[in-house]
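Okay, here's what each chain looks like letter by letter:
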Amino acid sequence: MPDPEDRQVTPESPVREIASEGAEGPPSPGIALCLSGGGYRAMIFHVGVLWRLNEAGYLPRLARVSSVSGGSITAGVLGLKWSRLAFDGAKVAQGFRAEVVDPLRALAGRTIDAGAIVGGVVLPGVSVGERVEAAYRKHLFGDATLQALPDQPRFVINATNVQSGALWRFSKPYLADYRVGRVLKPALPLARAVAASSAFPPVLSPVELELRAQDWEAPAAAGADLNHEPFTTEVVLSDGGVYDNLGLETAWKRYQTVLVSDAGGKMQAEAEPERDWARHVLRILEIIDNQVRSLRKRQVIAAYQRGDRKGAYWGIRSNIADYRLPDALDCPFDRTLALAGIATRLARMEAEQQERLINWGYAVCDAALRRHVDAGIARPAGFPYPGVGV
């Protein structure tokens, strides 16, 4: 028997409408952007996506930015620097490169996952998640909290609540889990929210939060069955991609136009998979992620085709020729597939590889926008980094 608190919006919807969240009725006018996970590969690919959206004047048109994992690193920096972007009369941020591109590229030049794992094992009392948070704090976010994010657009940084099995949302107005309740105006460090969202299991997961039971507001509607300790005081979180690997959940329910940027990889076949428990678990997790991502992708595209939502999907594994845009930027499929094969890690990238990833995110976003969203957008003059292509 279906759970009445957890029902499908439509039989083929990529997300589920939860009655206790009050997300009933038709979606609102507005544009939402979803940024998927995928480690530094996703972080840098999404930089190219934002670059093209900025040039097209679309950043200030966004009502919501919903992100998971590597996409949350990019979204966190965009949100933190929003007030410094200096949008001009054409709605183009003149400060985009200095405020968003440069700090994210600088982080991509450093390896932070290996040191965090070793330190988390060797140093007593310091978890892997805490060390990743410290790296984000040092290189990107400083002491900023969720209250440093703008009111508009709404930035939602998503993690997975390991205790409830539900989506955990960090935002400026509140942090929330529909089964636990919500905490209004949280002063939680932005670096911790991003660390939780990007806590890829099992090596970077979990990230734990210590909260106060009295700070929680339980929703009046049915569904907040876990609004009690320890769910309200000792929260255990993992990567947002565990629950929603495209960052769709909080965007799809709310808005008529949804742009989906997918930098997730694809599982490769293995003739001789590892048998030891640790590597076998990693392989199983990879299979689960691959299947869920593929299902969501198919459902998203089918929903566009049915007219349930407007918008566009583009992915790091897309073939730009499939958009049938005669003047798309030159992106040979074999070259872009090589970029899609970059490992899902927080490991140092060479400058040229970063530039090729940014170019690819920029180009495929441009093709999707001009083909499916706004044919009036002018063709770009070229890649952000024309010397390297893709």
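Residues numbered from 1 in each chain as written. Predicted model: local features only at pLDDT ≥ 70, side-chain atom pairs only at ≥ 80, totals over all residues. Heavy atoms only, no water.

Draft legend 1. Examining the packing of helix α9 (residues 333-340) against helix α10 (residues 351-373) more closely. Remark: α9 packs on α10, axes separated minimally by 10 Å, with the N-to-C direction vectors making an angle of 115°. Put simply, α9 runs roughly perpendicular to α10. Regarding α9 and α10, the two cross each other, and that crossing is left-handed. On α10, the residues that touch Arg335, Thr336 and Leu339 of α9 are Arg356, Leu357 and Trp360. Here the contact of α9 with α10 is composed, by residue class, of 3 nonpolar, 1 polar and 2 charged. (Axes fitted to C-alpha atoms, helices over the stretch in contact; angles between N-to-C directions. Helix = DSSP H or I, 4+ residues; strand = E, 2+ residues; numbered from the N terminus. Parallel < 35°, antiparallel > 145°, perpendicular 65-115°, else oblique. Left-handed = near helix turned anticlockwise from the far one by under 90°. Contact = heavy atoms within 4.5 Å. Nonpolar A, V, L, I, M, F, W, Y, C, P; charged D, E, K, R; others polar.)

Draft legend 2. Summary view of the packing of helix α1 (residues 39-55) against α10. Where α1 contacts α10, the two axes come as close as 7 Å, and the packing angle between them is 50°. Between α1 and α10, the crossing angle belongs to the class labelled oblique. Seen along the crossing, α1 lies across α10 with a hand that is right-handed. Residues Arg41, Ile44, Phe45, Val47, Gly48, Val49, Trp51, Arg52, Leu53 and Glu55 of α1 pack against Gln354, Leu357, Ile358, Trp360, Gly361, Tyr362, Val364, Cys365, Asp366 and Leu369 of α10. For the contact of α1 with α10, the class distribution of residues is 13 nonpolar, 3 polar and 4 charged.

Draft legend 3. Fine view of the nonpolar core. Leu53, Tyr136, Trp168, Phe170, Trp314 and Trp360 are the most contacted members of the largest nonpolar core, which has 95 residues in total. Setting aside residues no more than four positions away along its own chain, Leu53 makes contact with Leu33, Tyr58, Leu59, Leu259, Cys365 and Leu369. With 15 residues, the next largest nonpolar core counts Ala63, Leu246, Tyr255 and Val260 among its residues. (Core = buried A, V, L, I, M, F, W, Y, C linked by side-chain atoms within 4.5 Å. Buried < 20%, exposed > 50% of the residue type's maximum accessible area, 1.4 Å probe, protein only.)

Draft legend 4. Geometry of the pattern of salt bridges. Counted according to the given criterion, the structure contains 18 salt bridges. The closest approach of N and O atoms between Glu99 and Arg84, which form a salt bridge, is 3.5 Å. Of this pair, Glu99 sits in helix α3 (residues 96-108) while Arg84 sits in the loop between α2 (70-80) and α3; the two residues are 15 residues apart in sequence, bridging distant segments of the chain. Exposure remark for Glu99: the relative accessible area of 14% places this residue in the buried category. Here Arg212 makes a salt bridge to Asp215, at a shortest N to O gap of 2.9 Å. By relative accessible area, which is 31% here, Asp215 ends up partly exposed. Three or more residues are tied together by salt bridges with common partners; here these are Arg52, Glu55, Asp327, Asp366 and Arg370. (Salt bridge = Lys/Arg side-chain N within 4 Å of Asp/Glu carboxyl O.)

Draft legend 5. Expanded view of the environment of Asn158. Position of Asn158 among the secondary structure elements: in strand β5 (residues 154-161). Each C-alpha atom of the pair Asn158 and Ser67 lies 6.0 Å from the other, and the pair is 91 residues apart in sequence. What Asn158 contacts, discounting residues up to four positions off in sequence, is Ser66, Ser67, Val68, Ser72, Leu167, Trp168, Arg169, Ser197, Gly240 and Thr250.

Draft legend 6. Focus on the pairing of β5. For β5, a buried count of 7 out of 8 residues is recorded, marking the element as mostly surrounded by other parts of the structure. In this structure, β5 lies alongside strand β6 (residues 167-170), joined through 4 bridges in antiparallel fashion. By the bridge assignment, Ile157 is partnered in β6 with Phe170. A loop of 5 residues connects β5 with β6, the two strands running antiparallel in sequence, and Gly165 in this loop sits at a positive phi of about 75°. Bridge analysis of β5 against strand β11 (residues 234-239) gives 3 bridges, and the strand direction is antiparallel. Bridge pairing links Ala159 to Asp239 in β11. (Pairing = 2+ DSSP bridges.)

Draft legend 7. Geometry of the packing of aromatic side chains. By the definition in use, this model includes 8 aromatic pairs. With a centroid separation of 6.1 Å and 70° between ring planes, the pair formed by Trp82 and Phe155 is classed as edge-to-face. Taken together, the residues span a long stretch of sequence, with Trp82 in the loop between α2 and α3 and Phe155 in strand β5 at a distance of 73 residues. Here the two residues Trp82 and Phe155 agree in accessibility, since each one is buried. Clustering of aromatic rings is evident, with ring pairs tying together Trp51, Phe96 and Tyr385. (Phe/Tyr/Trp six-rings, centres within 6.5 Å; stacked < 30°, edge-to-face > 60°.)

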